[in-house]
Amino acid sequence: MQTLFADVILPLPLPSTYTYRVPQEYNDTIAVGCRVIVQFGSKKIYSAIVRRLHETVPPYPAKYVLGLLDTTPLVSEQTLQFWEWLSAYYMCPVGDVMAVALPAAFRLASESTLSIHPEYSGALDGLSNHEQAIVMLLSEHPVMTPDDIAQALGIAKVMPIISGMVERGIVVLQEELHERFKPRTATWLSLAEPYHEEQACRELFDQMEKSSRTQKQLSVLLRFMQLTHFGQESIRKKELLDGQVSTSSLATLVKNGILVEEERSDSRLEQVDDSKLTPVGSIVLNEEQQAAYDYCRRDDTPAVTLLHGVTGSGKTEVYIRLIADTLAAGRQVLFLLPEIALTAQFINRLRRYFGSQVGVYHSRFSMSQRAEVWQHTAGEPDNRYNVLIGARSAIFLPFNDLGLVIVDEEHDSSFKQYEPSPRYHGRDTAIYLAHISGARVVLGSATPSIESMYNARNGKYGLATLRHRYGGGQLPEVLCVDMRDATRKKEVRGHFSQFLLDHIADAIASGNQVILFQNRRGFSPRLECDDCHYIPQCQNCDVSLVYHKATHSLRCHYCGYSIPIPTECPACHSTHLSMKGFGTERVEEDLSILFPNARIARMDLDSTTEKNRYTQMLSDFEERRIDILVGTQMVTKGLDFSHVSIVGILSADSLVSYPDFRSFERAFQQMTQVSGRAGRRDTRGTVIIQAFNPWHQAIRNVIDNDYEAMYSSQTAERRVFRYPPFSRIIDITLRHRDAETLNEAAALFANSLRQVFAQRVVGPVYPNVPRVRGLYLKKIMLRFDAGEPLSQAKNIILQLGEKLREEKSNRTIQIIYDVDPQ
Ligand code: ADP
Ligand code: ZN
Ligand code: ZN
């Protein structure tokens, strides 16, 4: 018999695969893409993925594979190649990709801690002896690691057993319990096996009809039959009881073995009723939409199309038609949205047409939900999700046959992941995924990124345009208040111009709603000493602490460090401390004084950390239980409300004055997006921008709704200063506890890079925040011309980085590569 070796990918930041020896008992079943259990390091155990199988004996004594978790591959060859592309492109270990790509439930490791699944009934039948032993052990000791269990039971190969139990929902990884798992089970009823026989069933009915004692039971049974297609399906007990049937007669039916009761964990995936779907054919596209739709489908249209459509132009309706075509061809659809735009409102809109074919995947889901969606994506066409909506990580789902990728709000910077590695761009990676899957791509936005528009203009992408709001609705009127002028004329109260206040008052008086947008950047409230101007700083990071009213504390937004509000200045002991800056909390507070009768809510990261708070707030606003919604970037995205007549942008200057080559583009996008929330089909909304510099070009472009002007001024500027799309950037950040070591290493690294890449290297420089979590940071930028091939360059950069760290003093330097930084 041959001896096989497996090169495996471990979910760790390792530079390459590792080779293990395959026990001969697995020879017939092991395959590329299967998970195996391996030991790595002196003791630790991990689930790894088989990348290659071969007979080449490695130059070191290979450890044995300890267990095989899958009999058919969990990950396809194509997916593995996709991971490898991502790893090469974004300059990160393929193990990092595996760690984000595979739901944690598939990545059991020896340090994972386990408990009994809160939804598990406790029934032991159907479990193997070992499984029963594990359940009993865990009921005595609620939290154990696989190692603990292996020791207690005296069995070595415990991981495959536990892994099977995790997948069947018998035990659960402890991490998931932290996600505040809510037990959810339901009692289900089904017809007992013997009565599935038609003959037996008829006899039962005859018998019950004859006796007067069983009339009540009969009516319950009839109702049951009615609801379950004559016993072919099961039904929730609650649903049957809702039909006003007798509880005691039902109990008798169960006792007599006619109906069977069963505790089932309610699937955490929502149940969808497919019987009332709206046919896609009922959407009648208008001329503009029809032209865009036709264009996206044409054979001679480039594989990627940019759909540039103003807010409310019906981009989603065009998507829906394209999705329907893809499904009709038996293929799958990936629909990417920024996390924050993934609202119930939107998901329901797609479910109306595609029902249970729609799956949702995002980071707010628990681990087992993610595993469930994963498994439902991989199935056969009739038995799987065919439309997957998700935030960026949905690109990792195991599609069988991807035919269409839609990236809505494609300009949104949150498609780029920064922490942790892999630092990938969801949109760009999705385009690559579509390319290898033979799928089409539609990128949609009212304010396309400069990069995408540039690609469309030079013919690399197709371009379709929707210029009008659907149904003749008008785009909002955009007005600008010159805050300097208003201040001079004393027409300002606090941070509000009288002009804006008057409009808010009018809107509320006439039963309309208001959205106020306050950018977070630079406006975080902080404490300052009136006498010496000292501002309390974080002890770990070079930033000011932010005032948090709710907890009466000052907190660091980079590391979480927090202190109670000091009563005197730590520098000069003055007791004259006052609050500076104005965040959303402050806006909310001031408003409640100015409009004591209005219902005001605030939407920002602090007010929506709880899982359902955000959804709740949205539906409160939609159902008009809120008059004024104050928020950060969160209010700018993807919301569709029909009663918003006023949108206020409180301080436009802060958006345009940030030192970054994208700030102009971003400011235009954010202001245009939030403006799009004003007015709907039959009423024209008003947007009021407050600015101290109302003549700033970006603000003028928003007022004129002139994307074109923004695009041409920005491309002209970026061409001159060699910014993307005219160049490609790789940012390198070095981190270390000791400033001097860091400085030396950064200079050394920049030098060695310069020897190869010459003037393409910029820096090193200190970034805006030069110290975070006690580590000093230094940045080097590499800028390549748009046409230069990069894969070789990336390899060289990585090698030089490794070489730098070979130096003993530099071994603890961390090097972070960020390709195409946002
Ligand atoms: P976008 O995604 O471009 O912001 P939507 O697709 O949300 O625009 O369309 C805005 C509104 O107009 C929605 O309420 C939508 O239902 C409606 N609408 C757009 N196109 C059509 C159409 N062809 N038929 C019926 N309603 C439409
Ligand atoms: Zn002071
Ligand atoms: Zn800090």
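In the block above lies the structure referred to throughout.
Residues numbered from 1 in each chain as written. Chains lettered and ligands numbered in written order. Predicted model: local features only at pLDDT ≥ 70, side-chain atom pairs only at ≥ 80, totals over all residues. Heavy atoms only, no water.

1. Overview of the nonpolar core
As a rule of thumb, soluble globular proteins bury nonpolar side chains together. The test is simple: The set of buried Ala, Val, Leu, Ile, Met, Phe, Trp, Tyr and Cys residues whose side-chain atoms join them within 4.5 Å is what this entry labels a nonpolar core. Type-normalised accessible area, obtained with a 1.4 Å probe on protein chains alone, sets the label of each residue: buried when under 20%, exposed when over 50%, and partly exposed for intermediate values. Any two residues whose heavy atoms approach within 4.5 Å are treated as being in contact.
Membership of the largest hydrophobic core comes to 170 residues, with the highest contact counts inside it found for Trp83, Ile732 and Leu734. Aside from chain neighbours lying at most four places away, what touches tryptophan 83 is Ile9, Val75, Val94, Val97, Met98, Ala101, Leu102 and Phe396.

2. Considering the packing of helix α7 (residues 198-210) against helix α8 (residues 215-227)
Formally: To get an axis, fit a line to the C-alpha atoms, keeping to the stretch in contact for a helix; angles then go from 0 to 180 degrees between the N-to-C directions. The numbering of helices and of strands both runs from the N terminus, where a helix is a DSSP run of H or I of at least 4 residues and a strand a run of E of at least 2. In this count, Pro and Cys sit with the nonpolar residues alongside Ala, Val, Leu, Ile, Met, Phe, Trp and Tyr, while Asp, Glu, Lys and Arg are called charged and the others, Gly among them, polar.
Interhelical geometry of α7 versus α8 gives an angle of 145° and a closest axis separation of 9 Å. Counting all contacts with α7, which are made through Cys201, Leu204, Phe205, Met208 and Glu209, the residues of α8 involved are Gln215, Gln217, Leu218, Leu221, Leu222 and Met225. Residues belonging to the contact of α7 with α8 are distributed by class as follows: eight nonpolar, two polar and one charged.

3. Let's talk about empty space enclosed by the protein
Defined as follows: The way it works is a 1 Å grid over only the protein atoms, where trapped points that fit a 1.4 Å probe form a cavity and open points with protein on both sides within 12 Å along at least five of seven lines form a pocket, and then any residue with an atom within 4 Å of a point lines it. Grid points are joined across faces, edges and corners, and a volume is the space filled by probe spheres set on the points.
All told, the structure shown has two cavities of 30 Å³ or more when counted by the stated rule. Looking at the largest cavity, its volume works out to about 60 Å³. Looking at the largest cavity, the residues that line it are His411, His425, Arg427, Ser449, Glu451, Arg662, Glu665, Arg666 and Gln822. Across the lining of the largest cavity, the residue classes tally to no nonpolar, four polar and five charged. Within this model, the second largest cavity holds a volume of roughly 30 Å³. Only β1 (4-9) and α2 (94-101) provide two or more residues apiece to the lining of the second largest cavity. Its residues assigned to classes, the lining of the second largest cavity comprises six nonpolar, three polar and no charged.

4. Quick word on the packing of aromatic side chains
How we decide: Stacked, tilted and edge-to-face pairs are distinguished by plane angle, under 30 degrees for stacked and over 60 for edge-to-face with tilted covering the rest, among Phe, Tyr and Trp rings (Trp via its six-membered ring) whose centres lie within 6.5 Å.
With the rule as written, the count across this model stands at 16 aromatic pairs. Centroid distance phenylalanine 82 to phenylalanine 396: 6.2 Å. Interplanar angle 45°. Geometry classified as tilted. Taken together, the residues phenylalanine 82 in helix α1 (residues 77-89) and phenylalanine 396 in the loop between β14 (387-390) and β15 (402-408) connect sequence positions 314 residues apart. For the pair shown, phenylalanine 82 and phenylalanine 396 are each scored as buried. Each ring, one from phenylalanine 757 and one from phenylalanine 784, has its centre 5.6 Å from the other, and the planes form 85°; the classification is edge-to-face. Placement of the pair is phenylalanine 757 in helix α25 (residues 739-757) and phenylalanine 784 in strand β34 (residues 775-785), with a sequence separation of 27 residues.

5. A closer look at the side chain of glutamate 410
With respect to the helices and strands, glutamate 410 occurs in the loop between β15 and α15 (426-437). Setting aside chain neighbours within four positions, we find glutamate 410 in contact with Leu306, Phe415, Arg427, Leu443, Gly444, Ser445, Pro448, Ser449 and Ser452.

6. Notes on the pairing of strand β28 (residues 628-631)
Selection rule: When DSSP locates at least two bridges between a pair of strands, those strands are taken to pair.
Residues of β28 alternate between two faces, with Ile628 and Val630 on one and Leu629 and Gly631 on the opposite face, all of them buried. Both strand β21 (residues 513-517) and β28 contribute to a ladder of four bridges, which runs parallel. Residue pairing for β28: isoleucine 515 is matched across the bridge by leucine 629. Note that strand β27 (residues 600-603) and β28 share four bridges and pair parallel. The partner of isoleucine 600 across the bridge, within β28, is isoleucine 628.

7. Quick word on the sheet that holds strand β13 (residues 358-361)
Here seven strands make up an open sheet; going across it, the order is β13-β14-β12-β15-β16-β11-β17 and the pairing parallel. Unpaired on one side and paired on the other, β13 and β17 (462-466) mark the two borders of the sheet. Recorded for the sheet is a direction-independent mean angle of 20° between the axes of neighbouring strands. As defined by bridge partners, strand β12 (residues 332-336) adjoins β14 across four bridges and the pair is classed as parallel. Its bridge partner being in β14, phenylalanine 335 is matched across the sheet by isoleucine 389.

8. Focus on the site of ligand 1
Our working rule: One heavy atom within 4 Å of a molecule or strand makes the whole residue count as near it. Polar contacts, as counted here, are pairs of nitrogen or oxygen atoms within 3.5 Å of one another; within protein the pair requires one atom able to donate a hydrogen and one able to accept it, and residues that are adjacent in sequence qualify only if both atoms are side-chain atoms. What sets the accessible areas is the Shrake-Rupley method with a 1.4 Å probe; for residues, cover comes only from the shown protein chains.
For ligand 1, the set of nearby residues contains 15 residues, the closest of which are Val284, Gln289, Gly312, Thr316 and Arg349. Serine 313 is positioned with one of its backbone polar atoms (N or O) 3.3 Å from an oxygen atom of ligand 1. Contact between ligand 1 and lysine 315: an oxygen atom at 2.9 Å from a main-chain N or O atom of the residue. Burial of ligand 1 by the protein amounts to 78% of the accessible area it has alone, namely 560 Å². Of the residues in the shell around ligand 1, the class split is four nonpolar, six polar and five charged.

9. With respect to the pattern of salt bridges
Once the charged atoms of two side chains with opposite charge are near each other, the side chains can pair. The condition that has to hold: Throughout this description, the term salt bridge denotes a Lys or Arg side-chain nitrogen within 4 Å of a carboxyl oxygen of Asp or Glu.
Tallied over the entire structure, the rule returns 27 salt bridges. Here glutamate 451 makes a salt bridge to arginine 662, at a shortest N to O gap of 2.7 Å. Residue glutamate 451 is located in helix α16 (residues 450-457), and its partner arginine 662 is located in the loop between α21 (652-656) and α22 (663-675); the two are separated by 211 residues in the primary sequence. Across this residue pair, the class does not change: glutamate 451 and arginine 662 are buried. The partner of glutamate 623 in a salt bridge is arginine 625, and the shortest N-O contact between them spans 2.9 Å.

10. Brief notes about the sheet that holds β28
Strand pairs in the sheet, formed through backbone hydrogen bonds, run parallel or antiparallel to each other. On the basis of which strands lie adjacent, the open sheet formed by six strands has the order β18-β30-β29-β21-β28-β27 and parallel pairing. Either end of the sheet is taken by a strand with one partner, and the two such strands are β18 (477-482) and β27. Direction aside, the axes of adjacent strands within the sheet are offset by 20° on average. Contacting β21, β27, β28 and β29 (644-649), helix α20 (residues 613-622) runs over the sheet at an angle of about 140° to β27.

As far as function goes, none of this settles anything; it's purely spatial.
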